[in-house]
Amino acid sequence: TQLLEQSPQFLSIQEGENLTVYCNSSSVFSSLQWYRQEPGEGPVLLVTVVTGGEVKKLKRLTFQFGDARKDSSLHITAAQPGDTGLYLCAGLAISGSARQLTFGSGTQLTVLP
Amino acid sequence: SQTIHQWPATLVQPVGSPLSLECTVEGTSNPNLYWYRQAAGRGLQLLFYSVGIGQISSEVPQNLSASRPQDRQFILSSKKLLLSDSGFYLCAWSAGQLYEQYFGPGTRLTVT
């Protein structure tokens with residue numbers, strides 16, 4: 001069973017600050033997804049990274065997949081209150097015909113105005 | 001475009017009562033369908049997934065069951081609820097090789 005650890009578990013920052021959230025595992029994943037979830041709603045897919053070392057940017061959000069495809073990070077520049085939410089990473093492992101998607105435990109981000 | 005619906009949005013049920021949560025997907029054919037449970041502010045626990053009508057895989061042994069009577073309909077059931085069944089239940093669908101998940105709005109279940 002693959003495990004994904006996210007850190008920090010909680011993060012509270014002021015508007016305008018930068019932050020980085022980490023997603024780490026001892027297992028190799030074929031791809032990794034990032035989601036954001038607001039209270040009382042379902043998670044929404046932000047991005048999928050599929051190549052080791054890949055960097056994707058989504059406005060002020062930068063996602064990176066580790067070279068060994070065991071870890072990923074999400075960096076937010078100049079955070080805004082609208083970035084508040086639970087950030088979840090999910091790694092897809094492939095073994096033969098089997099596919100397993102494993103979610104991390106999440107990082108709860110609060111951006112204060 | 002694809003949409004996913006879940007109902008009810010909230011539910012309060014006594015211990016020992018039955019449960020039926022429904023999920024339907026529109027705008028896609030033969031999707032993979034999933035039921036997750038989420039504890040407050042935490043990650044997602046996969047309960048069941050289905051790759052086709054009548055095909056259900058269970059990830060966690062418990063008093064819940066799932067059924068897929070139609071291609072785009074997924075139902076989560078229980079004959080007798082436990083207090084530990086309380087939580088936020090999410091239905092999701094995926095298609096394609098990346099298994100990207102598209103979630104419904106969720107059902108908040110409180111067992112009293």
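Residues numbered from 1 in each chain as written. Chains lettered and ligands numbered in written order. Predicted model: local features only at pLDDT ≥ 70, side-chain atom pairs only at ≥ 80, totals over all residues. Heavy atoms only, no water.

1. Observations concerning the nonpolar core
In this structure, A:Leu19, A:Leu32, A:Trp34, A:Phe63, A:Leu74, A:Ile76 and A:Leu109 are the most contacted members of the largest nonpolar core, which totals 22 residues. When residues of this core are traced back to their parent elements, those giving at least two are strand 3 (19-24), strand 4 (31-37), strand 5 (44-49), strand 7 (61-65), strand 8 (71-76), strand 9 (85-95) and strand 11 (107-112) of chain A. With 19 residues, the next largest nonpolar core counts B:Ile4, B:Trp35, B:Phe74 and B:Val111 among its residues. (Core = buried A, V, L, I, M, F, W, Y, C linked by side-chain atoms within 4.5 Å. Buried < 20%, exposed > 50% of the residue type's maximum accessible area, 1.4 Å probe, protein only. Helix = DSSP H or I, 4+ residues; strand = E, 2+ residues; numbered from the N terminus.)

2. Some remarks on the sheet that holds strand 1 (residues 5-7) of chain A
Residue and element names in this part refer to chain A. On the basis of which strands lie adjacent, the open sheet formed by 5 strands has the order 1-3-8-7-6 and antiparallel pairing. The sheet is open, and its two edges are formed by strand 1 and strand 6 (55-58), each paired on a single side. For this sheet, the mean angle separating the axes of adjacent strands, direction not counted, is 15 degrees. Alignment of strand 6 against strand 7, held across 4 bridges, turns out to be antiparallel. Paired with Leu58 across the strands is Leu61, a residue of strand 7. (Pairing = 2+ DSSP bridges. Axes fitted to C-alpha atoms, helices over the stretch in contact; angles between N-to-C directions.)

3. Focus on the pattern of salt bridges
All names here are of chain A. According to the stated counting rule, one finds 4 salt bridges over all chains in the structure shown. Lys56 serves as the salt-bridge partner of Glu54, at 3.9 Å between the closest nitrogen and oxygen. A relative accessible area of 32% places Lys56 in the partly exposed class. Salt-bridge contacts for Asp83 lead to Arg60; the nearest nitrogen and oxygen are separated by 2.9 Å. With Asp83 in the loop between strand 8 and strand 9 and Arg60 in the loop between strand 6 and strand 7, this residue pair connects regions lying 23 residues apart in the sequence. (Salt bridge = Lys/Arg side-chain N within 4 Å of Asp/Glu carboxyl O.)

4. Details of unusual backbone geometry
The peptide bond linking A:Ser7 to A:Pro8 adopts the cis configuration, its omega dihedral lying at -10 degrees. Tracing the backbone shows A:Pro8 in the loop between strand 1 and strand 2 (10-14). Put simply, B:Trp7 and B:Pro8 share a cis peptide bond, and its omega is 0 degrees. Relative to the helices and strands, B:Pro8 is located in the loop between strand 1 (3-7) and strand 2 (10-13). Although it is not a glycine, A:Arg69 adopts a positive phi angle of roughly 55 degrees. Of note, the phi angle at B:Asn30 is positive, near 50 degrees, even though the residue is not glycine. Note on placement: B:Asn30 falls in the loop between strand 3 (19-26) and strand 4 (32-38).

5. Quick look at the interface of chain A and chain B
Contact residues are listed per partner, giving 21 residues for chain A and 17 residues for chain B. Summing both sides of the interface, chain A and chain B together bury roughly 1500 Å²; the carbon and sulfur share of this comes to 57%. When the area that chain A buries against chain B is broken down by residue, the three leading residues are A:Pro43, A:Arg99 and A:Phe103, summing to 27%. On inspection of chain A and its partner chain B, the count reaches 0 salt bridges. Applying the counting criterion to the chain A and chain B interface returns 6 residue pairs in polar contact (both at pLDDT 80 or more). Of all elements in the fold, only strand 4, strand 5, strand 9 and strand 10 (98-103) of chain A reach the threshold of two or more residues within the side of chain A that touches chain B. Here the side of chain A that touches chain B gets 4 residues from one element, more than from any other, and that element is strand 4 of chain A. (Contact = heavy atoms within 4.5 Å. Buried area = accessible area lost by both parts, 1.4 Å probe. Polar contact = N/O pair within 3.5 Å; in protein donor to acceptor, adjacent residues only side chain to side chain.)

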